[in-house]
Amino acid sequence: MNDVLIIQRIFPKYRKDILDELHQHINFTLIHAKSNSGIKQVSAPYSKTIGSFQYSKKESGQFLNVFKYILKNKPKVIVHEFSIGVLSLIPTYLLARVLGIKFLLWGHGYDRTKGFNPKKSLNDKLRLYLVKKVDAVIFYGSEAKTLYSEYVSCDKLFVAFNCLNTKVLSSIRDRLEKEGREKIKNRIGFTKKYNLIFIGRILAFKQPQILLDIYDYLYNEHGDIIGIHFVGDGEYLNQVKDMVKHKRIEKNITFYGAIHDDIKNGELLYCSDLMVMPGPVGLSVNHAFNFDCPVVTFEHNKHSPEIEYLINEKTGFIVETRTAEAMALIISKYLKTQDIQYKMKINSRKMIETTCSIDSFIKGFVDAIKFVQCKK
């Protein structure tokens, strides 16, 4: 499969492992810009940086200078990030049509915080118009495909489940399992019986401070056997640290900063009982499941497609009542029930090996490329 061009606003580090793996199956070139966002960005032998300009404060508000590259290289297939905030998207689609290039969209498909309503939303009308016009669409999750299938033939709609490189992470987990959880806990300094972890950017809308309130509830019930671990940097980090000092619970709360090492993150997750993410969840769900760590979050409409992997009381918990007390009660019950812990470990591993595996992602992507290549 030669002559495939993927266009993205940026090349984030968390996506590199899966694109490395995809490149073994599709000989593509990735062109992308760079931004000043808090997301760590990288490059690869198959990637090229292009120019762009930011026309709005939104991260997606960019115009990508892709036209010179397309005219020079004339790819047979273009896979473009599905973000209508990218001002160059429609001109790129029109250029592809003029040149006879197959054109695919890849992304969320809609704004999950607002839902999908093309009858009322102008943005959704535009999204639906594009989906009808392009050769195929690759969605991050099955929910978007279901929504669009009411308006568009399913033949051109594909799902490449958003994931991490499960092959790499599972091999790390297998090595950790051979060493043993208790040995690793001693080695990395986990001194408490129960450990809860938050991994991600420490931002206010993710509500990381709720873990401190949860700690209070758990401490009152279980005593001084609870450890809280924060992995990540962000503009809200100092405020969370100040709250910890105010509560005088520094000895039970650990801040690691941002960690980009798969092994170190794997050790922290493998030794944690639960990942607690009060705000929106994303690929952190995949990350946790790879290391036998169920996830607990609140129910709301701001979750990314990865929420599809979090099945309530199967692979984690989705708490309807959005209070620290309600979440703490569920966490406490989980910590005291070994049968639930074992079942969730089995269920999360099954989810990683099937739905959100790297093989599932590659299949969805490759199937979409083959589909457009066979179209006349």
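Residues numbered from 1 in each chain as written. Predicted model: local features only at pLDDT ≥ 70, side-chain atom pairs only at ≥ 80, totals over all residues. Heavy atoms only, no water.

S.K.: I'd like to hear about the environment of F116, residue by residue, with values.
M.R.: Summarising the element assignment, F116 is placed in the loop between strand 7 (102-107) and helix 4 (122-133). Taking relative accessible area as the criterion, F116 reaches 14% and is therefore assigned buried. Expressed as a C-alpha distance, the spacing of F116 and F230, which sit 114 residues apart in the sequence, is 34 Å. If we ignore the near neighbours within four places in the chain, the residues touching F116 are Y110, D124, L128, L147, Y148 and Y151. (Helix = DSSP H or I, 4+ residues; strand = E, 2+ residues; numbered from the N terminus. Buried < 20%, exposed > 50% of the residue type's maximum accessible area, 1.4 Å probe, protein only. Contact = heavy atoms within 4.5 Å.)

S.K.: Could you give me a rundown of the pairing of strand 10 (residues 194-199), with the residues and numbers involved?
M.R.: Most of strand 10 sits out of view: 6 of its 6 residues are buried. Alternating residues of strand 10 divide into Y194, L196 and F198 and N195, I197 and I199, and every residue in both groups is buried. In the sheet, strand 10 pairs with strand 11 (residues 226-231) via 6 bridges, with the strands oriented parallel. The partner of Y194 across the bridge, within strand 11, is I226. Crossover handedness for the path strand 10 to helix 8 (residues 210-222) to strand 11: right-handed. Pairing of strand 10 with strand 13 (residues 274-276), which is carried by 2 bridges, proceeds in the parallel orientation. (Pairing = 2+ DSSP bridges. Right-handed = clockwise from strand over helix to strand, strands pointing away.)

S.K.: Residue-level account of the sheet that holds strand 10, with values.
M.R.: A sheet is described by the order of its strands in space; here 6 strands give the open sequence 12-11-10-13-14-15, paired in parallel fashion. Each edge of the open sheet carries a strand with a single partner, namely strand 12 (253-255) and strand 15 (316-319). Each strand axis lies, on average, 20° off the axis of its neighbour in the sheet, ignoring direction. On the sheet, helix 8 packs against strand 10, strand 11, strand 12, strand 13 and strand 14 (295-298) and is oriented at approximately 165° with respect to strand 11. (Axes fitted to C-alpha atoms, helices over the stretch in contact; angles between N-to-C directions.)

S.K.: An account of the packing of helix 6 (residues 166-179) against helix 13 (residues 338-353) is needed here, citing residue identities and associated values.
M.R.: Viewed as axis vectors pointing N to C, helix 6 and helix 13 meet at an angle of 145°, and their least axial separation amounts to 11 Å. The segment helix 6 lies against helix 13, with T166, S170, R173 and E177 engaging K345, R349 and I352. A breakdown of the residues in the contact of helix 6 with helix 13 according to their chemical character gives 1 nonpolar, 2 polar and 4 charged. (Nonpolar A, V, L, I, M, F, W, Y, C, P; charged D, E, K, R; others polar.)

S.K.: Could you give an account of unusual backbone geometry, with specific residues and numbers?
M.R.: For residues besides glycine, phi is generally negative; the peptide bonds are generally trans as well. Even without being a glycine, R248 presents a positive backbone phi close to 60°. Relative to the assigned elements, R248 resides in the loop between helix 9 (237-247) and strand 12. Residue R248 is classed as exposed on the basis of its relative accessible area, which comes to 74%. In this model, E313 sits at a positive phi of 65°, which is unusual for a non-glycine residue. With respect to the secondary-structure elements, E313 resides in the loop between strand 14 and strand 15.

S.K.: Describe in detail a nonpolar patch on the surface, supporting the description with residues and values.
M.R.: The grouping of I90, L94, L126 and Y129 at the surface amounts to a nonpolar patch, some 350 Å² of accessible area in total. Secondary-structure elements contributing two or more residues to the nonpolar patch are helix 3 (89-99) and helix 4. Assignment of secondary structure puts L94 in helix 3. A relative accessible area of 47% places L94 in the partly exposed class. (Patch = residues over 30% accessible without salt bridge, like charges linked within 9 Å, V, L, I, M, F, W, Y side chains within 5 Å. Areas by Shrake-Rupley, 256 points an atom, 1.4 Å probe, with all protein chains shown as cover. Salt bridge = Lys/Arg side-chain N within 4 Å of Asp/Glu carboxyl O.)

S.K.: Just give me the short version of the pattern of salt bridges, but keep the residues and values in it.
M.R.: Summed over all chains, the structure comprises 22 salt bridges. The salt bridge partner of D367 is K363, with a shortest N-O separation of 2.7 Å. Of this pair, D367 and K363 both sit in helix 14 (residues 358-374), separated by 4 residues, roughly a single helical turn. D367 sits in the partly exposed class, given a relative accessible area of 28%. Taken together, the salt bridges that share partners define one network made up of E177, D292, K345 and R349.

S.K.: Hey, could you go over the nonpolar core for me, with residue numbers and the actual values?
M.R.: By size, the foremost hydrophobic cluster in this structure holds 65 residues, and its most contacted members are I214, F230, M275, V276 and I331. Residues in contact with V276, not counting those within four places in the same chain, are L196, I197, F198, L211, I214, V296, M327 and I331. (Core = buried A, V, L, I, M, F, W, Y, C linked by side-chain atoms within 4.5 Å.)

S.K.: I'd love a proper account of the packing of helix 1 (residues 13-22) against helix 14, names of residues and values included.
M.R.: Contact geometry of helix 1 with helix 14 gives a least axis separation of 10 Å together with a crossing angle of 60°. With respect to helix 14, the element helix 1 is oriented oblique. Considering how the two elements wind past one another, helix 1 and helix 14 form a crossing that is right-handed. Contact residues: I18, E21 and L22 in helix 1; I358, F361, I362 and F365 in helix 14. Each residue belonging to the contact of helix 1 with helix 14 can be placed in one class, and the counts come to 6 nonpolar, no polar and 1 charged. (Parallel < 35°, antiparallel > 145°, perpendicular 65-115°, else oblique. Left-handed = near helix turned anticlockwise from the far one by under 90°.)

S.K.: So what's going on with the environment of A144? Residues and values would help.
M.R.: Within the element layout of this structure, A144 appears in helix 5 (residues 142-148). The class for A144 is buried, based on a relative accessible area of 3%. The spacing of A144 and L329 is 185 residues in sequence and 33 Å in space, taken between C-alpha atoms. Other than its neighbours up to four places away in sequence, A144 contacts H108, Y110 and F139.

That is the geometry; function is a separate question.
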